[in-house]
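Letter by letter, the chains look like this.
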Amino acid sequence: MPFLPRSRRLLTTALTVLICAAIAACSTDIPNSTLNPNSQFGRDTDRLFDWLLLGGAIVFTIVEVGVLFTIILFRRRGGKGGRPRQVYGNATLEITWTLIPAAVLAFIAVPTVRTIFKYSPKNVPADALKVEVIGHQWWWEFRYTDLGVTTANELVLPVGRTANFALTSKDVIHSFWIPSMSGKRDVIANRTNYIYFKPDSAYAWNGFCAEFCGTSHANMRFKVFTVSPAQFDAWIAHQKTGPQFGGGTDSITAGGSSAAPALAAFTNGKLPPHLVPSTPVPKGLAISNVTGNATRGAQLYKTGACIACHVIQGVSPGIVGPNLTHFGSRTSLASGLYPNDPRHLALWIKNAPAMKPGSLMPALGRSPGTPAGYTDQQVADIAAYLLALK
Ligand code: CUA
């Protein structure tokens, strides 16, 4: 290969980077990006970002041109040596280079502070939907306090109505973040923070914990379904009913779960790809059977350790873990880590700590260390029962 002159190599590299950046910018399928806002709050933040990026680019260009200009124009020329002229103590220069950054900061501060005040808690519309968000190790609890509905890890919000989130934490600092909707907000114990936005399109989004909170920080995901007001009302009405499981002859076999009625109508029974978890099952975990009997599972649930931690409306009053009343209608489990299907759920019940580091749910399956645990068949039965709770 012929040796390219340095400038030509530099130019080739710069052009390649530029072309790659331009091509990447053409992608429109960015459902989890702050650059694809779907609420006024999101758009205001995005505009602020554009504004600051433009200002930053202008400052960068001026500074770099100045630096290059100085390097070339005042370079040391052959024969001429000695110290350059010293400007220390030059009042005019010092005032100038203090005032310019101050002006730049003011330019940044005005739109930033205006946006912060625009979304202060006192500006929440009176008809806003109240949602309490409680951060746990390592999952999210969502309470629609005015509507008497509690769920976990999957939010459903009506399009066109402001949702006002009151954020607190059970045990550790998290940060609540739905990139497509709004900024982040800290979720702190003994303090309530607020954030609100109005979703303006129906779709499904991912949410994240945006602050390192511990072992399973990266595994504190959640889903947000924005649906029409009618679908939202239907979903709430369904959530208010008890679990749709009569304890009859229901027997769930392998094959996956379906979404809740309101969500099924919205997603057409099929989730957008960005909502399907692809976490691999940790090595060494296996279950011999995933075909369970829901009736047997219900019996095991009611007489087992599960009831101490989980709520199932009309069945168990536990308060430590997620509410499971309509668990079978959720699309994912373990805070968005795995798809909610018989195999993943059975593995989860068998050995939750192995499926998710730091999980407070103990391993319930039988193993050399836990000889009194459930057999694989019993685990599959409990999974069948939970998946039957639509
Ligand atoms: Cu919760 Cu990071």
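Keep in mind that what you see is a predicted model, and the values were worked out from it rather than measured. Residue numbers restart at each chain and count upward from 1, following the sequence in its written direction. In keeping with the model being predicted, local features are shown solely for residues with a pLDDT of at least 70 and side-chain atom pairs are shown and tallied solely at 80 or more, while totals for entire chains, interfaces and linings include all residues.

A. Region of the structure containing the overall build of the protein chain. The secondary structure listing takes helices from DSSP runs of H or I that are at least 4 residues long and strands from runs of E that are at least 2 residues long, numbered from the N terminus. Of the regular secondary structure elements, the protein chain holds 10 helices and 14 strands. Against the compact-globule benchmark of 21 Å for 390 residues, the protein chain has a radius of gyration of 28 Å, which places it well outside the compact range. Structurally, the protein chain occupies a C-alpha span of about 95 × 60 × 40 Å along its principal axes. Buried residues in the protein chain amount to 34% of all 390 residues. With C-beta atoms placed from the backbone, a contact is any residue pair whose C-beta atoms sit within 7 Å. Taking the intrachain contacts of the protein chain between residues at least 6 apart in sequence as the baseline, contacts between residues at least 24 apart amount to 70%. The size measure is the radius of gyration over C-alpha atoms, and the globule rule it meets is 2.2 Å times the number of residues to the 0.38 power. Any residue with 12 or fewer other C-beta atoms within 10 Å of its own C-beta is exposed, any with 20 or more is buried, and the rest are partly exposed; the C-beta atoms used are placed from the backbone.

B. Fine view of the confidence of the model for the protein chain. Residue-level confidence of the predictor is what pLDDT reports, using numbers from 0 through 100. For the protein chain, the mean per-residue pLDDT works out to 86, and 91% of the residues sit at or above 70. Counted against residues more than four places away or in other chains, residues 247-259, with its pLDDT under 50, gives 34 contacts.

C. Examining the domain arrangement of the protein chain more closely. Each domain's extent was defined by an automatic or database domain assignment. On domain assignment, one finds that the protein chain holds domain 1 (123-240) and domain 2 (261-388). One C-alpha centre belongs to domain 1, the other to domain 2, and the line joining them spans 22 Å. The partner domain 2 presents 24 residues to the 29 residues of domain 1 that form the contact. The greatest single-element share of the side of domain 1 that touches domain 2, amounting to five residues, is contributed by helix H4 (residues 229-240). Among the residues making up the side of domain 1 that touches domain 2, the classes are represented as 13 nonpolar, 12 polar and four charged. Side-chain classes follow a simple rule in which Ala, Val, Leu, Ile, Met, Phe, Trp, Tyr, Cys and Pro form the nonpolar group, Asp, Glu, Lys and Arg form the charged group, and the remainder, Gly included, forms the polar group.

D. Region of the structure containing the sheet that holds strand S7 (residues 185-187). Strand pairing is assigned whenever DSSP identifies at least 2 bridges connecting the two strands. With mixed pairing, five strands are arranged side by side in an open sheet as S4-S10-S9-S6-S7. With one partner strand each, in any of the chains shown, strand S4 (154-158) and S7 form the two edges of the open sheet. Neighbour-to-neighbour, the strand axes of this sheet turn through a mean angle of 30°, independent of strand direction. With two bridges joining them, strand S6 (residues 174-177) and strand S9 (residues 203-209) adopt antiparallel strand pairing. Residue pairing across strands places phenylalanine 176 opposite cysteine 209, the latter belonging to S9. Whenever a helix is involved, its axis is fitted only over the stretch in contact; in every case the axis is a line through C-alpha atoms, and angles between N-to-C directions fall within 0 to 180 degrees. Along the sheet, H4 makes contact with S4 and strand S10 (222-227), crossing S4 at roughly 135°.

E. Region of interest: helix H1 (residues 6-24). For a helix, the expected span equals 1.5 Å multiplied by the number of residues minus one. Over its 19 residues, H1 runs 27 Å from end to end, which matches the ideal 27 Å to within 8%, given 1.5 Å per residue. Of all 19 residues that make up H1, zero are buried, and the element is exposed over most of its length.

F. Main features of the pairing of S6. With burial as the criterion, each face of S6 is covered, one bearing His174 and Phe176 and the other bearing Ser175 and Trp177. Two strands pair when backbone bridges link them, and S6 and S7 are joined in this way by three bridges, in the antiparallel orientation. If you follow serine 175 over to S7, its bridge partner there is aspartate 186.

G. Expanded view of the sheet that holds strand S8 (residues 193-197). One open sheet accounts for five strands, arranged S3-S2-S1-S5-S8; its pairing is mixed. Bordering the open sheet on either side are strand S3 (149-152) and S8, each of which pairs with just one other strand. Taken pair by pair, the neighbouring strands of this sheet meet at an average axis angle of 25°, ignoring direction. In this structure, strand S1 (residues 129-136) lies alongside strand S2 (residues 139-144), joined through five bridges in antiparallel fashion. Bridge pairing in S2 places histidine 136 opposite tryptophan 139.

H. Spotlight on helix H6 (residues 294-303). Every buried residue belonging to H6 is among Ala294, Gly297, Ala298 and Tyr301, and all of these are buried. Burial along H6 is one-sided: seen end-on, the buried residues are contained in an arc of 105°. Taking the helix axis as origin, the arc is that swept by the directions to the C-beta atoms.

I. Structural detail: the nonpolar core. To count as a nonpolar core, a set of buried Ala, Val, Leu, Ile, Met, Phe, Trp, Tyr and Cys residues must be joined through C-beta atoms within 7 Å. In terms of nonpolar packing, the biggest core is built from 38 residues, with Val133, Phe165 and Val224 touching the most fellow members. Beyond its immediate stretch of four places on either side in the chain, valine 224 contacts Leu155, Leu157, Ile178, Ala204, Trp205 and Gly207. Tyr301, Ile349, Tyr385 and Ala388 belong to the second-largest nonpolar core, a separate cluster that totals 32 residues.

J. Seen up close, the packing of helix H8 (residues 342-350) against helix H10 (residues 376-388). Packing of H8 against H10 brings their axes to within 9 Å, and their N-to-C directions diverge by 120°. The pairing of H8 with H10 is recorded here as oblique in orientation. The element H8 and its partner H10 pack so that their crossing is right-handed. Facing H8, whose interface residues are Pro342, Leu345, Ala346, Ile349 and Lys350, H10 presents Val379, Ala380, Ile382, Ala383, Ala384, Leu386 and Leu387. Taken together, the residues of the contact of H8 with H10 break down into 11 nonpolar, no polar and one charged. Roughly parallel covers angles under 35 degrees, roughly antiparallel covers those over 145, roughly perpendicular covers 65 to 115, and oblique covers all other angles. Take the far helix as your reference; a near helix turned counterclockwise from it by less than a right angle gives a left-handed crossing, and one turned clockwise gives a right-handed crossing.

K. Quick look at the packing of helix H2 (residues 40-73) against helix H3 (residues 91-118). Running from amino to carboxyl end, H2 crosses H3 at an angle of 175°, the nearest separation of the two axes being 11 Å. Compared by their axis directions, H2 and H3 come out roughly antiparallel. On H3, the residues that touch Asp44, Thr45, Leu48, Trp51, Leu52, Gly55 and Val59 of H2 are Val104, Phe107, Ile108, Pro111, Thr112, Thr115 and Lys118. Across the contact of H2 with H3, the residue classes break down as eight nonpolar, four polar and two charged.

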